[in-house]
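Spelled out, the chains give:
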Amino acid sequence: MSDSNDRLPPLNALRAFEAAARRLSFTKAADELDVTPGAISQHIRQLEEYAGTPLFKRTGRSVLLTDAAQAALPLVREAFDQISEAGRIMQAPARKGRVMVSSAPSFAAKWLAPRLDRFHSAHPGVEAWVSADSGITDFTTADADFAIRYGGGDYEGLKSEKLLDETVLPVCSPQLLEGPDAIRKPADLAKHTLIHDVSAEVDPSCPDWTSWLKARGAGAQVDGERGPRFNQSALAIEAAATGRGVVLAKRAIAASDIAAGRLIAPFADGSISVDYGYWLVWPKGRHLSEDVRAFIKWVRAEAVASEEVGV
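A. Looking closely at the sheet that holds strand β6 (residues 158-171). One open sheet accounts for eight strands, arranged β4-β3-β5-β10-β6-β9-β7-β8; its pairing is mixed. In the strand order of this sheet, the two ends are held by β4 (127-132) and β8 (229-230), each with one partner. In the sheet, β6 pairs with strand β9 (residues 246-250) via four bridges, with the strands oriented antiparallel. The residue bridging Val-168 from the neighbouring strand is Lys-250, located in β9.

B. Region of the structure containing the pattern of salt bridges. Scanning the entire structure with this criterion turns up 16 salt bridges. Residue Glu-18 is joined to Arg-77 by a salt bridge in which the shortest nitrogen-to-oxygen separation is 3.6 Å. Of this pair, Glu-18 sits in helix α1 (residues 11-23) while Arg-77 sits in helix α4 (residues 67-90); the two residues are 59 residues apart in sequence, bridging distant segments of the chain. Relative accessible area serves as the criterion here: at 32%, Arg-77 is assigned to the partly exposed category. The partner of Lys-110 in a salt bridge is Asp-257, with the nearest N and O atoms 2.9 Å apart.

C. Just helix α10 (residues 251-259), in detail. When α10 is considered as a whole, its buried residues turn out to be Ala-252, Ile-253, Ala-254, Ala-255 and Asp-257. Immediately downstream of α10, the backbone of Gly-261 shows phi near 85 degrees, a positive value.

D. Here's a closer look at unusual backbone geometry. Here Leu-24, not a glycine, exhibits a phi torsion of approximately 50 degrees, which is positive. Inspection of the secondary structure puts Leu-24 in the loop between α1 and α2 (26-33). Accessibility expressed as a relative area gives 36% for Leu-24, which makes it partly exposed.

E. A look at helix α3 (residues 37-51). The first and last C-alpha atoms of α3 sit 21 Å apart over 15 residues, in line with the 21 Å expected at 1.5 Å per residue. If you check which residues of α3 are buried, you get Ile-40, Ser-41, Ile-44, Leu-47 and Glu-48. The buried side chains of α3 occupy one side of the element, clustering within an arc of 125 degrees when seen end-on. Set apart from the buried face of α3 by more than 90 degrees, the exposed residues are Gln-42 and Glu-49. Summarising the contacts, the buried residues of α3 are in contact with α1, α2 and β1 (56-59). Of the residues trailing α3, Gly-52 is marked for its positive phi of about 75 degrees.

F. Spotlight on the nonpolar core. Among the nonpolar cores identified, the biggest contains 55 residues, and Phe-146, Leu-189 and Phe-295 are the most heavily contacted of them. When residues of this core are assigned to their parent elements, the largest contribution, six residues, is made by helix α11 (residues 290-309). Leaving out residues up to four positions away in the same chain, Leu-189 has contacts with Ile-183, Leu-194, Trp-209, Trp-212, Leu-213, Val-222, Arg-226, Val-246 and Phe-267. Formed by 20 residues, the second largest nonpolar core is a distinct cluster that contains Ile-40, Val-63, Leu-65 and Ala-69.

Scoring rules and cut-offs
- Residues numbered from 1 in each chain as written.
- Predicted model: local features only at pLDDT ≥ 70, side-chain atom pairs only at ≥ 80, totals over all residues.
- Heavy atoms only, no water.
- Pairing = 2+ DSSP bridges.
- Helix = DSSP H or I, 4+ residues; strand = E, 2+ residues; numbered from the N terminus.
- Salt bridge = Lys/Arg side-chain N within 4 Å of Asp/Glu carboxyl O.
- Buried < 20%, exposed > 50% of the residue type's maximum accessible area, 1.4 Å probe, protein only.
- Expected span 1.5 Å × (residues − 1).
- Arc of directions from axis to C-beta.
- Contact = heavy atoms within 4.5 Å.
- Core = buried A, V, L, I, M, F, W, Y, C linked by side-chain atoms within 4.5 Å.

Next comes the structure, spelled out in structure tokens:
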């Protein structure tokens, strides 16, 4: 008979422990796992009985980890990651011919989607499924092979690879470069609507209209605060493309409309590089299928081509 100390800890109790330890809240762990807070408490008591030591310190409505819990938590997380990866490998035959990629809605709509026909033509046996998500992909729950994120590239527990740099520049419909109020210089923007992109993907180094105008000596002539605001880059781009005004846009998001002639950059020196970029990310240790590797290779090539031609 095996020693009782060799028994594996109960799996459901470990799930409750990991969620409660990550969130430092039994209530939030219960919401995440779709159970009651009482069930989380019961699982924690069961695990503490197994361990023979307390795992949480109760302090009013919040909880803190004991030394034993802090030491065990990284190993528990790694174990669940490995179990999840084992499940993905088991499902590999069923997932063959399918690639799941998560991306912010604006990048998915304006950069990725217009190019997908080229991938499907080159790989007719593989379907690309795109999940357009505003929030950051949680690979512990999301059914995504990898994600494309806009940010600084430092993501804990994930492998990241730079896909594209980003710049910001004013763009508008070509019709705004015609007529008596034609845009010729930054000061001319006083006669046009300024469109603001206030999406969650804007980074701290990204200029707003006020700072852009000030840098070009037009801050006194043009009020950079006026104009409509959109919480998704694609909506701001579409408003500009239909002639509603001028938007300070991320080049990658505006690329397809610039290439199609729906948008034009009215100022030769209007571009400003920003600190953030687009990154391919997936969990460290994840097995990437042949189809996923083919898609990543393809999207890398598309990114290089888009940077070479400027769109």
